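Next come the chains, spelled out residue by residue.
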Amino acid sequence: MMIYENYTILTPGPTKMSSYILGLGAKQVPYFRNKPFSDCVLASEKMLLNTVNAPDGSRVIFLTASGTAGMEATVINLLNADDEVLVVNGGTFGQRFCDLCREYDLSFDALDPQLKNLSDIATRVAPKSYSALLVNAHETSVGLLYDLDAIGYFCRQHNMLNIVDAISMFTTDRLDMQEQFIDALILSSQKGLALPPGLSMVILSPRALSRLKPVRGLYFNFSNYLKNGERGQTPYTPAVSIILQLHARLLQIKEEGGIQRLIEKARKCSSYFRGQITEFPISEFTEFPSNGLTALKMNDGCGAKSLVSYLEKEHKIIVCPNGGDLADSLFRVSHMGEVNCEDMDKLLKGLRNYFC
Ligand SMILES: *Cc1c(COP(=O)(O)O)cnc(C)c1O
């Protein structure tokens, strides 16, 4: 079993964790139906809401499940057959929203995401009217960051529910529920937050809370979570240790000057790296990258697989291969979690050895 200890981990989840957070994960998992744990959940909820500038009265749902469950739960609690949904589909994760709509028999259209500005969105979707939009703020499969300001403004203008999966850009790019008119925000533990996988958080604005639909089934039913959440509890056993790690992480972010500092760190790390790859036969895949990830295409159109395995074998560096049609032409370098410019230097050295 390959446990990548002492490796340079540059994958967009799970990301490199700090030794402080790892240490918390090594402790005995405590009993949780009590006040100390409730206090911890309530404090985490409050810090999360602050971090994304959620409107007053917003709530957080803590789901013990990976991010896709956060997407699925949000879809079934906020949308039903009465909705006309617009999905921004720019890759694997946009496709996942389309698949979810299909699974739940929702009426939807998929939008090609080469949208650069508001007028562009407006001309593409007229004249049909939609009730909700589903978008992955950062389409992680190709490193494409959408314009959340334009999207939010558009949704507000057309009275659409704006549902945003921000899983792979929370902590690396600007996220503001009020300024960007976001009604539901999906987050997850193992990307920018640099926690273990297994915890998803769905933030609901008062507008989203007022539009919750009746749901069949137990585990994903938000109303149970909201009721228990009032006293800092979850209906079912949560990922107790990840919640404790989340609490510690949020406190740490606050003490270190807030989320803005993390965003700045990712911006520095990514621009440092991007500024130095011009000497290699690879180029950035998109003009609109997230600070959290650089997707790189092989200029020859192939060779990504051999490069990815060379970096792992010879340099103990784990970058992220792509799947499907892009497997040999594209690979990705994450700047999320506990990575810095020194890690970028290691990767640049590896690339130099490979290409030069
Ligand atoms: C990682 C990720 C998810 C969640 O994927 P899981 O494998 O379920 O954790 C969802 N959306 C985006 C944009 C992601 O990058």
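Residues numbered from 1 in each chain as written. Predicted model: local features only at pLDDT ≥ 70, side-chain atom pairs only at ≥ 80, totals over all residues. Heavy atoms only, no water.

Novice: Help me get a handle on the packing of helix H3 (residues 67-78) against helix H4 (residues 92-103), residues and values and all.
Specialist: One can describe the packing of H3 onto H4 by two numbers: an axis separation of 10 Å at closest approach and a directional angle of 40°. With respect to H4, the axis of H3 lies oblique. The handedness of the crossing between H3 and H4 comes out as right-handed. Of H4, the residues touching H3 (which contributes Thr-68, Met-71, Glu-72 and Val-75) are Phe-93, Arg-96, Phe-97 and Leu-100. Grouping the constituent residues of the contact of H3 with H4 by class yields 5 nonpolar, 1 polar and 2 charged. (Axes fitted to C-alpha atoms, helices over the stretch in contact; angles between N-to-C directions. Helix = DSSP H or I, 4+ residues; strand = E, 2+ residues; numbered from the N terminus. Parallel < 35°, antiparallel > 145°, perpendicular 65-115°, else oblique. Left-handed = near helix turned anticlockwise from the far one by under 90°. Contact = heavy atoms within 4.5 Å. Nonpolar A, V, L, I, M, F, W, Y, C, P; charged D, E, K, R; others polar.)

Novice: Let's hear about the packing of aromatic side chains: which residues, and what values?
Specialist: To describe a pair of aromatic rings, one takes the distance between the centres and the angle between the planes. Inspection of the entire model under this criterion finds 10 aromatic pairs. Judged by centre distance (5.8 Å) and plane angle (70°), the ring pair of Tyr-219 and Phe-220 falls under edge-to-face. The class for Tyr-219 is partly exposed, based on a relative accessible area of 32%. On the accessibility criterion, Phe-220 (23% relative accessible area) is partly exposed. Ring pairs connect the aromatic residues Tyr-219, Phe-220, Tyr-225 and Tyr-236, which therefore count as one cluster. (Phe/Tyr/Trp six-rings, centres within 6.5 Å; stacked < 30°, edge-to-face > 60°. Buried < 20%, exposed > 50% of the residue type's maximum accessible area, 1.4 Å probe, protein only.)

Novice: Quick one: what's the story with the sheet that holds strand E9 (residues 184-188), residue by residue and with numbers?
Specialist: Overall, mixed pairing links the 7 strands, which are arranged E2-E10-E9-E8-E5-E3-E4 in an open sheet. With partners counted over all chains shown, the strands left at the sheet margins are strand E2 (59-64) and strand E4 (107-111), one partner each. Averaged over all neighbouring strand pairs, the angle between strand axes comes to 20°, with direction disregarded. In terms of strand pairing, strand E5 (residues 132-136) meets strand E8 (residues 161-165) through 5 bridges, oriented parallel. Looking at E8, one finds that Val-135 is bridged to Val-164. Contacts from helix H6 (residues 148-157) reach strand E3 (84-88), E5 and E8 within the one sheet, and its direction differs from that of E8 by about 155°. Strands E2 and strand E10 (199-204) of the sheet are contacted by helix H8 (residues 222-229), whose axis makes an angle of about 115° with E2. (Pairing = 2+ DSSP bridges.)

Spatial relationships are all this shows, so hold off on functional conclusions.
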